[in-house]
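Spelled out, the chains give:
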Amino acid sequence: MSWMVRSFALPFLLLCFRGPREGAHACSCVARHPQEVFCQADVVIKATVVGKTVISWKPSVFNFGFLNPGVLDSIKYDLKQTKMFKGPKKLFGAIYTGLNSAVCGVYLANGIEYLLMGRLQSDGSLHISSCDFSQPWDKLSATQKSLLKRYETGCDCKITRCTSLHCGIGGPMECLWTDFLPVRMAGGKQAQNFACIKKSSGYCSWYRPGSLPTNGFGFVKGR
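This report concerns the structure included in the present document. This is a predicted model, so every value here is computed, not measured.

1. Focus on the pattern of salt bridges
Stage number 1. For the coordinates displayed, the defined rule picks out four salt bridges.
Stage number 2. For Asp-132, the salt bridge is made with Arg-32, and the minimal N-O distance between the two is 3.5 Å. Pair noted here: Asp-132 is in the loop between β8 (126-127) and β9 (133-136) and Arg-32 is in the loop between β3 (25-30) and α1 (34-40), with a separation of 100 residues, a long-range link.
Stage number 3. Accessibility expressed as a relative area gives 15% for Asp-132, which makes it buried.

2. A short note on the state of the cysteines
Stage number 1. Across all of its chains, the model carries six disulfides by this definition.
Stage number 2. Sulfur-sulfur distance for the disulfide between Cys-29 and Cys-131 comes to 2.0 Å. The sign of the -75° torsion about the S-S bond sets the Cys-29-Cys-131 disulfide as left-handed. With Cys-29 in strand β3 and Cys-131 in the loop between β8 and β9, this residue pair connects regions lying 102 residues apart in the sequence. Neither Cys-29 nor Cys-131 differs from the other in exposure class; each is buried.

3. Comments concerning the environment of Cys-39
Stage number 1. Inspection of the secondary structure puts Cys-39 in helix α1.
Stage number 2. When its relative accessible area of 23% is taken as the criterion, Cys-39 is described as partly exposed.
Stage number 3. Once the C-alpha coordinates of Cys-39 and Tyr-151 are considered, the two residues, 112 residues apart in sequence, prove to be 7.3 Å apart.
Stage number 4. Not counting residues up to four positions away in its chain, the partners in contact with Cys-39 are Lys-86, Tyr-151 and Cys-155.

4. Some remarks on the packing of aromatic side chains
Stage number 1. Here the structure, examined in full by the defined rule, presents four aromatic pairs.
Stage number 2. Ring geometry for Phe-85 against Trp-137: centres 6.0 Å apart, planes inclined by 25°, an arrangement best described as stacked. Residue Phe-85 is located in strand β5 (residues 73-86), and its partner Trp-137 is located in the loop between β9 and α2 (142-147); the two are separated by 52 residues in the primary sequence. You'll find Phe-85 and Trp-137 in the same group, each marked buried.
Stage number 3. Centre to centre, the rings of Phe-194 and Trp-206 are 6.5 Å apart; their planes meet at 80°, and the pair counts as edge-to-face. Within this pair, whereas Phe-194 is found in the loop between α3 (190-193) and β13 (195-198), its partner Trp-206 is found in strand β14 (residues 204-207), the two being separated by twelve residues in sequence.
Stage number 4. Take Phe-194: its relative accessible area is 4%, and that puts it in the buried class.
Stage number 5. Note that Lys-46 overlies the ring of Trp-137, its terminal NZ or CZ placed 4.5 Å from the centroid.
Stage number 6. The side chain of Arg-150 reaches across the aromatic face of Tyr-207, ending 4.3 Å from its centre.

Cut-offs used in this document
- Residues numbered from 1 in each chain as written.
- Predicted model: local features only at pLDDT ≥ 70, side-chain atom pairs only at ≥ 80, totals over all residues.
- Heavy atoms only, no water.
- Salt bridge = Lys/Arg side-chain N within 4 Å of Asp/Glu carboxyl O.
- Helix = DSSP H or I, 4+ residues; strand = E, 2+ residues; numbered from the N terminus.
- Buried < 20%, exposed > 50% of the residue type's maximum accessible area, 1.4 Å probe, protein only.
- Disulfide = S-S within 2.5 Å.
- Contact = heavy atoms within 4.5 Å.
- Phe/Tyr/Trp six-rings, centres within 6.5 Å; stacked < 30°, edge-to-face > 60°.
- Lys NZ or Arg CZ within 6 Å of the ring centre and 35° of its normal.

Below, the structure is given as structure tokens:
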């Protein structure tokens, strides 16, 4: 059985550069479906920003792993957590990020409630970068909010980005992500409306709340 989808052109750069270059350093992130970010995150919460402080860290304490170790300044956003979707059973009162977009820093507005997907450091502090996920809660659709309850059921699945003229999936445990192509799924963008979840059969397929099941390519089964 062939899993190949052919004859698509891809006007998309795999590396998404965020923010201006400053000196010799700039932030670049590989495009990821929100479900991938969810599955790879240590913590996913809904929280309101209630404060902001610019602080300095020792290089051994604040380190994303890909940032310049000489960058010491960072931002601490104070939070009022309202819901936990993934992570340890505790309230997080703060989240840390880089000072600006050149070092993958995230800007969060005071008084706004966000969906935040971040990573825990060895000292237990929560950190986020522009390669993670941060969106105002009221900007998410009802479908996106509903999918937060389903993402974890598909963490064993693999979302494969269509990044070439001939793109496809390698097996039944993959879902093909085609948001970058001129022709998209009838149900809209996969990043906003679909999750790749594992079915009882052991196969993975795209799922949208209230819709018929689809195969790994995003087309409704039986059609």
